[in-house]
Amino acid sequence: MGHVVGGLGIAHTPSMGHAFDGRKDVAFPERWQRWFDGLAPVKRWIAELKPSHMVIIYNDHLNYFDFSVYPTFAIGMAAKFPQADEGWGKRPLPDLDGDPGFSAPVATSLVSDGFDLTFCQELEIDHGIYSWLPCVVEPPWPMPILPIAVNMVMQPVPTAGRLHALGAALRSAIADSPVDARVLVVATGGMSHQIHGLRFGMTNQTFDQYFLDKITHDWRELIAVPMTKVMQVAGTEAGELAMWYAMRGALSENVRQAYSFYILPEITGCGVVAIEERDGA
Amino acid sequence: MTRDRNHPDLLLDAPSSFVFDVRKCTEAYRLNQFAISLKDAANRERFLADERAAMATFGLTDVEIDMVEARDWTGLVSLGGHVLAIVKIAYSLGVLHHEVGAHMCGVAYSELREHQKALGIDLLPQDIDADGHD
């Protein structure tokens, strides 16, 4: 029987990875340093929580999937997940490990619960995971991951309610698992940003802070906001924040917000929230 | 304070925003698949060696090919190109995403930072006038 020991919501962006690698063409390296410093407590928190597995709800950015077949929900079943080349070469980081013995029963339970996932035996991972992961867990990464890729690039995308329900189904699947796993559920996306159109580069720090303040205890208020309104005030790509509801849905009501941090380093609001189950496990 | 949902700063319609949907995906399928193919180094080399030939292989229209040659990033997105695909064309040519962004904002790259300062919005979703449909 497995347990969800905590949840992590965190932003992703290509620049975060470039700044982490110390590339010279990064704007505002000092602001990125403040972000990395702000993640130090998250790194300690994960080390103390000692998760055996991470389930990560994320989105690909046309770096693995193309439009010939575009899955709404896809789950990575393999024992290895290589890094995707996004067009500027791979970063000096290792492949990610999967654990098929853990993944298969979780995936089976999710399908029984009504989530008809696309099974991927091959899956290359882009900055959706690679940008933030080395900032919060030192490579080589000690725990395997189970990636769930959600369509966030083409409307219609799954609704906020559906994503929350995915998280709840994930919690049951982990509880029913034959593997005695201590699972950290991670969701990554956003926050405010738009990378095209006349609104290219728009951000909304007021909204980002509001979202971070509400996600742990007042998520019902947040999830009631139509995603179209979120996209209006926080940018079309802020729609990725809906994935954070899957992380929250995987947690109980008996939780404590361990940490949160926010900064706007460039043109994407970067926030993090760490939530832990009060009864441990 | 509320703001009308049709204020230009909040519009999800062109040219403020180009929300990509499955209908556009069908219409601009070849353009996007070509652009996405450039994530592979071999395809980038083929494109750089002979742009028109590489695009013809993917069955792009003359309008699309001309627009790529003109580096008209805004035009390509308005034709149904997904921005995450179109920037792969830009990256192949050594053009940064922020340069693509400046083109879309209609400002010089050197003016982009100043321009962006004016784009910050501090509204919450509940501040938008609820008139009309969500």
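See the structure above.
Source: prediction; values computed, not measured. (Residues numbered from 1 in each chain as written. Chains lettered and ligands numbered in written order. Predicted model: local features only at pLDDT ≥ 70, side-chain atom pairs only at ≥ 80, totals over all residues. Heavy atoms only, no water.)

What follows deals with the packing of aromatic side chains. Residue and element names in this part refer to chain A. Tallied over the full model, the rule gives 15 aromatic pairs over all chains. Taken together, a centroid distance of 5.8 Å and an interplanar angle of 40 degrees make the contact between F67 and Y70 tilted. Side by side, F67 and Y70 carry an identical accessibility label, which is buried. The ring of F115 has R162 lying over it, and the distance from NZ or CZ to the ring centre is 3.8 Å. (Phe/Tyr/Trp six-rings, centres within 6.5 Å; stacked < 30°, edge-to-face > 60°. Buried < 20%, exposed > 50% of the residue type's maximum accessible area, 1.4 Å probe, protein only. Lys NZ or Arg CZ within 6 Å of the ring centre and 35° of its normal.)

Residue and element names in this part refer to chain A. Within the open sheet, the 8 strands sit side by side as β6-β3-β7-β2-β8-β1-β10-β9. Their pairing is mixed. The two strands at the open ends of the sheet, each matched to only one other strand, are β6 (118–120) and β9 (255–263). Adjacent strand axes in the sheet meet at a mean angle of 20 degrees, parallel and antiparallel pairs treated alike. As defined by bridge partners, strand β3 (residues 73–76) adjoins β6 across 3 bridges and the pair is classed as parallel. Within the sheet, the bridge partner assigned to A74 lies in β6 and is T118. Across the sheet, helix α2 (residues 29–49) touches β1 (3–10), β8 (182–188), β9 and β10 (270–277), and the angle it forms with β9 is around 160 degrees. Running at roughly 35 degrees to strand β7 (residues 145–150), helix α3 (residues 100–112) makes contact with β2 (53–58), β3, β6, β7 and β8 of the sheet. (Pairing = 2+ DSSP bridges. Helix = DSSP H or I, 4+ residues; strand = E, 2+ residues; numbered from the N terminus. Axes fitted to C-alpha atoms, helices over the stretch in contact; angles between N-to-C directions. Contact = heavy atoms within 4.5 Å.)

On to the packing of α3 of chain A against helix α6 (residues 160–175) of chain A, then. Residue and element names in this part refer to chain A. Running from N to C, α3 and α6 cross one another at 130 degrees; their axes reach a closest spacing of 9 Å. Accordingly, the angle class assigned to the pair α3 and α6 is oblique. The crossing of α3 and α6 is right-handed. For the pair α3 and α6, contact is made by F102, V106, S109 and L110 and by L166, A169, L170, A173 and I174, respectively. For the contact of α3 with α6, a count of residues per class yields 8 nonpolar, 1 polar and no charged. (Parallel < 35°, antiparallel > 145°, perpendicular 65-115°, else oblique. Left-handed = near helix turned anticlockwise from the far one by under 90°. Nonpolar A, V, L, I, M, F, W, Y, C, P; charged D, E, K, R; others polar.)

Residue and element names in this part refer to chain B. Axis separation between helix α7 (residues 83–92) and helix α8 (residues 97–105) bottoms out at 9 Å; the angle between their running directions is 115 degrees. For the crossing formed where α7 meets α8, the hand is right-handed. Along its contact with α7, which presents V83, V87, A90 and Y91, the element α8 presents H97, V100 and M104. The class makeup of the residues in the contact of α7 with α8 is 6 nonpolar, 1 polar and no charged.

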